[in-house]
Amino acid sequence: MDSTGLIDLHIHTSASDGTFSPQKIVKMAKKKGLRAVSITDHDTVDGNEEALKAGTEIGLEVIPGVEISVEWEGRPVHILGYFIDVKNKVLQSTLKNLIAFREERNPQIIKRLNALGVNILYEDVRTIAGDGTAIGRPHFAQVLIEKGYVKNGDEAFKKYLKRGGSAYVEKKRLTPHEGIQIIKNASGIPVLAHPYSIDGIKNKDLEHFILQFRGMGIEGIEVFYPLHNPQQTLKLKTFAERYGLCITGGTDFHGEQKPDIKLGSGFGALKIPYELIIKMREKRGGKPR
Ligand code: AMP
Ligand code: ZN
Ligand code: FE
Ligand code: FE
């Protein structure tokens, strides 16, 4: 099988907090010469159908995906799911609950902002996010920029929205076990996302941490990521190989929401080879999808 080509397996669309539609993402990826992408929106699989359809039409492989935030020792950890059956009922109902948790939390963020003298309404956030979107903090950031309270997203997070920030409100999350199991139950591969982004994670604790998550069922590590330096990439790759875990990689592209992050790989230092997908398929064996 032809294993050449480059990919991007971590992309957010307008179904969550990215700024481009799934169809637009697929077109952009094709134009950049990528061979495959995965749409990994927060807490929703709603962008996958449109992306798969566009991919079939223009000849780009689209791997169904999702990104779920779980709670581990009081900290958020992100789990990616690949090759999921997006129609799986348990997956869909669990994601619906996660959106409900967001809807509980979002008005509380507004309350905090209002108490800080920021006069915005939840309606403003809904309008900017659009119908049927999994609303998250980046949408609040957009409103804060639009209303002139901050200059950019960075400032919005630093001043108000970052974890522990003045308007931050915790969100109810799944346990790692729950998050991993709903992905597996939907025939997917659960992958530990950007391990170096976990709050307070230290190099010396990383191996133990990965082993703990492997014990809970994780089957891959996101090794290739724009924020990983060469040493970090190598370290994660070594752990993946040592513990029989898949290697994945993606940019975490959010469109204009994070303007410094570009879609795709192969243009700068980040090269994510198609080969990783072949290995993931081998690992899944004969499972459907
Ligand atoms: P939420 O799902 O509402 O908790 O928002 C999480 C999203 O906010 C992440 O996926 C990022 O897109 C964005 N985000 C989190 N922290 C920051 C930060 N410090 N600066 C900019 N964006 C951030
Ligand atoms: Zn995001
Ligand atoms: Fe993430
Ligand atoms: Fe992400």
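Attention in this report is confined to the structure presented alongside it. (Residues numbered from 1 in each chain as written. Chains lettered and ligands numbered in written order. Predicted model: local features only at pLDDT ≥ 70, side-chain atom pairs only at ≥ 80, totals over all residues. Heavy atoms only, no water.)

## Looking at the overall build of the protein
- Each helix and strand in the protein was counted, giving ten helices and seven strands.
- Here the C-alpha radius of gyration of the protein, 18 Å, is about what a compact globule of 289 residues would show, namely 19 Å.
- Taken over the C-alpha atoms alone, the protein extends approximately 60 × 45 × 40 Å along its principal axes.
- Buried positions account for 54% of the 289 residues belonging to the protein. (Helix = DSSP H or I, 4+ residues; strand = E, 2+ residues; numbered from the N terminus. Rg over C-alpha atoms; globule rule 2.2 N^0.38 Å. Buried < 20%, exposed > 50% of the residue type's maximum accessible area, 1.4 Å probe, protein only.)

## Observations regarding the side chain of E222
- Looking at where E222 falls in the secondary structure, it is placed in strand 6 (residues 220-224).
- In this structure E222 is buried but unpaired, with K258 as the nearest side chain of opposite charge at 10 Å.
- A distance of 2.7 Å separates the side chain of E222 from the side chain of H10, its partner in a polar contact.
- Aside from chain neighbours lying at most four places away, what touches E222 is H10, L80, V191, L192, A193, H194, P195, H228, L236, T248, G249 and G250. (Lys, Arg positive; Asp, Glu negative; His and termini not counted. Salt bridge = Lys/Arg side-chain N within 4 Å of Asp/Glu carboxyl O. Polar contact = N/O pair within 3.5 Å; in protein donor to acceptor, adjacent residues only side chain to side chain. Contact = heavy atoms within 4.5 Å.)

## As for the coordination of the iron ion (ligand 3)
- Protein coordination at the iron ion (ligand 3): the donors are E67 (OE), H78 (ND1) and H194 (NE2), at 2.0 to 2.2 Å from the metal.
- A separation of 3.3 Å is found between the iron ion (ligand 3) and the iron ion (ligand 4), which are bridged by E67. With E67 in strand 3 (residues 61-72) and H78 in strand 4 (residues 75-82), this residue pair connects regions lying eleven residues apart in the sequence. (Donors = N, O, S within 2.8 Å, 3.2 Å for Na, K, Ca; no water.)

## Quick look at helix 4 (residues 122-129)
- Within helix 4, the full set of buried residues consists of Y122, D124, V125 and A129. Looking straight down helix 4, one finds that the buried residues subtend no more than 155 degrees of arc, so they occupy a single side.
- On its buried face, helix 4 is in contact with helix 3 (89-115) and helix 5 (137-146).
- Just downstream of helix 4, G130 is the residue with a positive phi angle, here 90 degrees. (Arc of directions from axis to C-beta.)

## Regarding the side chain of K171
- Note on placement: K171 falls in the loop between helix 6 (153-161) and helix 7 (176-185).
- D43 is the oppositely charged side chain nearest to the buried, salt-bridge-free K171, at an N-O distance of 4.4 Å.
- With near-sequence residues (within four places) excluded, K171 lies in contact with D43, S69, E71, R102 and R105.

## Here we look at the coordination of the zinc ion (ligand 2)
- Taken together, D17 (OD), D17 (OD), H42 (NE2) and H254 (NE2) make up the protein donors of the zinc ion (ligand 2), found 2.0 to 2.7 Å from the metal.
- Around the zinc ion (ligand 2), the six donor atoms sit at angles spanning 51 to 158 degrees, and that spread fits a shape best called irregular.
- Binding-site remark: the zinc ion (ligand 2) is held by donors from one chain whose sequence spacing is D-x24-H-x211-H.
- The metal-metal distance between the zinc ion (ligand 2) and the iron ion (ligand 4) is 4.8 Å. Note that D17 is positioned in the loop between strand 1 (7-11) and helix 1 (22-31) and H254 in the loop between strand 7 (246-249) and helix 10 (275-284), a separation of 237 residues in sequence. Of the two residues examined, D17 and H254, each falls in the buried class. (Tetrahedral: all angles 85-135°; square planar, octahedral: opposite > 155°, others 65-115°.)

## Here we look at the site of ligand 1
- Neighbouring ligand 1 are D17, H42, R102, R105, G136, R137, P138, F157, K171, H254 and K258.
- Within the contact set of ligand 1, an oxygen atom lies 2.9 Å away from a side-chain nitrogen or oxygen of R105.
- Summarising the interface, the protein chains cover 76% of the accessible area of ligand 1, which totals 500 Å² for the free molecule.
- When contributions to the shell around ligand 1 are tallied by element, the ones reaching two or more residues are helix 3 and helix 5.
- Here the residues of the shell around ligand 1 are counted per class, giving two nonpolar, three polar and six charged. (Near = heavy atom within 4 Å. Areas by Shrake-Rupley, 256 points an atom, 1.4 Å probe, with all protein chains shown as cover. Nonpolar A, V, L, I, M, F, W, Y, C, P; charged D, E, K, R; others polar.)

## Re the packing of helix 1 against helix 2 (residues 48-58)
- Closest axis-to-axis distance for the helix 1/helix 2 pair is 8 Å, and the angle between their directions is 35 degrees. Pair helix 1 / helix 2 crosses with right-handed handedness. Judged by residue contacts, P22, Q23, V26, K27 and K30 of helix 1 engage E50, A51, A54, G55 and I58 from helix 2.
- Classifying every residue of the contact of helix 1 with helix 2 by side-chain character gives five nonpolar, two polar and three charged. (Axes fitted to C-alpha atoms, helices over the stretch in contact; angles between N-to-C directions. Left-handed = near helix turned anticlockwise from the far one by under 90°.)

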